[in-house]
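Spelled out, the chains give:
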Amino acid sequence: MPQRLRVGITGCGRIALNHVKALQNNPAVELVAVCDVDPGRAAEFATTFSVPEHYDDLGRMLANAKLDALTVASPHPAHEAAVLAAATAGVHVLCEKPIAITLDEADRMIEAADTAGITFGALFQRRFWEASRAAKLAVTRGDLGTPTLGSMTLRLGRDSAYFNADPWRGTWTADGGGVLINQAIHYIDLLQWIVGCPVVRVTGRIATLKHGADIEVEDTAAATLEFENGALGVVSAATTYSPGLGTQVLVTGTSGATVSVTEFPEGEPAYCDIWTIPGQTTYRLPYGTDVESDPPLSKVHEGLMPYHAQQIDDFIAAVLEGRDPLVTGREARNALAVVLAIYESSRTGMPIELPSV
Ligand SMILES: NC(=O)c1ccc[n+]([C@@H]2O[C@H](COP(=O)([O-])OP(=O)(O)OC[C@H]3O[C@@H](n4cnc5c(N)ncnc54)[C@H](O)[C@@H]3O)[C@@H](O)[C@H]2O)c1
């Protein structure tokens, strides 16, 4: 393994700004190439960030740029092809959420990575908040006893401008869903990680109740979960709030103690506003200040930048050390499986079992 990893980015849109900054600040990385199907965008991005090479075709970038690793920041339907191409080329890959929009795609990606022996990570940077780590540690230490009930509540605002910014947004075929697959998937991952075991059964309903003029996918979702250890869970998620009221993941256990991870306003580092473990007050912080309007998405992304950086640093370290990153492709599949099971349950009116993989 070379001293500095030669890394490329595919997809030069909004979230790639977080990737480029994180990669260029990592001393073990040389950002050598970027790719976008829009050649003008690739060229502009390369110029803005002084990246030596730019491409409008990922195959050519993989053939020419001698990459060790690739980050994938393209729209959802492009993720599978990017990960398969990287795996075939023996290039380690870190893919934005959701890793895919079907489990078949996700399984092919995981299998290709396993076969090629590459490191395959997925972006869920909210795991890197100090509050998330504190809650995870409390559960791992047994401070809650055995987790009994977990919830994730997402109360965000999105408007027509957001949904109409790109043709792929808000469609079943390209976006793969609405609030669940785009926003809630971060906190479903967080909830499963903090509870510490997978969801095995899901019942849910989705609806499009506010943004029907802009999207065909859901803007509102409610679901119940059953975890492998018998704990129950609740998902409540909508992009209909104005202004948004942030998100909260909350877990309680047999000891009676409760911890929460709350993000408010959206994009600000989360804090633990509920922390009732006897003798521990360290993480107990007051609820955030009132906001009258939603922060622009660029500010949300900027607030998440340090955690993108921590996750990208963890991925680079994992490649160099030959270990798994904190969030593997397999774990990202678990979060996707819960989202897709809520869709299926809503369609069929039946509970959906999730086999362990
Ligand atoms: N982790 C987070 O907090 C977070 C936040 C926002 C978006 N995302 C995810 O990041 C990904 C990109 O989202 P975005 O908001 O940056 O989208 P975007 O539309 O702003 O950017 C996507 C870019 O990819 C390019 N593109 C399209 N098809 C491509 C292909 N086949 N190969 C290479 N480039 C291609 C587009 O031209 C565009 O420049 C999505 O998976 C999204 O869900 C993650």
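An account of the accompanying structure is given in this report. Each residue is numbered by its place in its chain's sequence as written, counting from 1. Per-residue local features are limited, in this predicted model, to residues with pLDDT of at least 70; the limit for side-chain atom pairs, both in listing and counting, is 80 or more; totals at the level of whole chains, interfaces and linings are taken over all residues. Only hydrogens and water are removed before side-chain values are computed, so all heavy atoms of the structure are retained for them.

**Things to note about the site of the ligand**
In the vicinity of the ligand, 26 residues are found, and the nearest of them are Arg14, Asp36, Arg41, His76 and Gln125. In the analysis that follows, any N or O atom pair within 3.5 Å is treated as a polar contact, provided that within protein one partner can donate a hydrogen and the other can accept it, and provided that, for residues neighboring in sequence, both atoms belong to side chains. Note that a nitrogen atom of the ligand is positioned 2.9 Å from one of the side-chain N or O atoms of glutamate 96. Residue lysine 97 places a side-chain N or O atom 2.9 Å away from an oxygen atom belonging to the ligand. Accessible surface area values rest on a Shrake-Rupley calculation with a 1.4 Å probe, where residue burial reflects the displayed protein chains alone. For the ligand, the accessible surface in isolation is 850 Å², of which the surrounding protein chains cover 86%. It suffices for a single heavy atom of a residue to lie within 4 Å of a molecule or strand for the residue to be listed as near it.

**Considerations on the sheet that holds strand β7 (residues 147-155)**
Sheet strands line up and pair through hydrogen bonds in the backbone, either parallel or antiparallel. Taken in spatial order, the seven strands line up as β12-β11-β7-β10-β9-β8-β13 in an open sheet, and their pairing is mixed. The outermost strands of the open sheet, each flanked by one partner alone, are β12 (258-263) and β13 (352-353). One bridge is not enough; two strands pair if DSSP finds at least two bridges between them. Secondary structure counts use DSSP, requiring at least four H or I residues in a row for a helix and at least two E residues in a row for a strand, with both numbered from the N terminus. Sheet topology note: the strand β9 (residues 220-227)/strand β10 (residues 232-238) ladder contains seven bridges and is antiparallel. Paired with leucine 225 across the strands is glycine 233, a residue of β10. Docked against the sheet, helix α10 (residues 329-348) engages β8 (199-207), β9 and β13, running at close to 60 degrees with respect to β8. Two residues qualify as a contact provided that any one of their heavy atoms is within 4.5 Å of a heavy atom in the partner residue. In this analysis an axis means a line fitted to C-alpha atoms, helices contributing only their contacting stretch, and an angle means the value between N-to-C directions, from 0 to 180 degrees.

**Regarding the pairing of strand β2 (residues 29-35)**
The element β2 is largely enclosed, with a buried count of six among its seven residues. Judged from the six bridges that link them, strand β1 (residues 5-10) and β2 form a sheet pairing that is parallel. Along β2, the bridge assignment pairs valine 7 with leucine 31. In this region the chain leaves β1, passes through helix α1 (residues 16-24) and returns to the parallel neighbour β2; the handedness of that crossover is right-handed. Pairing geometry for β2 and strand β3 (residues 53-55), over three bridges, is parallel. Bridge pairing in β3 places cysteine 35 opposite tyrosine 55. Looking down the strands as they point away from you, a crossover is right-handed if its path from the first strand over the helix to the second goes clockwise. In this region the chain leaves β2, passes through helix α2 (residues 39-48) and returns to the parallel neighbour β3; the handedness of that crossover is right-handed. Three exposure classes are used, based on accessible area relative to the maximum for each residue type with a 1.4 Å probe and protein chains only: buried under 20%, partly exposed in between, and exposed over 50%.

**A closer look at the sheet that holds β1**
As summarised here, the arrangement of the six strands in space is β3-β2-β1-β4-β5-β6, forming an open sheet in which the pairing is parallel. Here the strands that pair on one side only, and so sit at the sheet edges, are β3 and β6 (120-122). Taken over all neighbouring pairs, the strand axes of this sheet differ in orientation by 25 degrees on average, direction set aside. Together, β1, β2, β4 (69-72), β5 (92-95) and β6 form the strand contacts of helix α9 (residues 297-321), whose direction differs from that of β5 by roughly 160 degrees.

Functional significance is not addressed by these values, which are geometric in nature.
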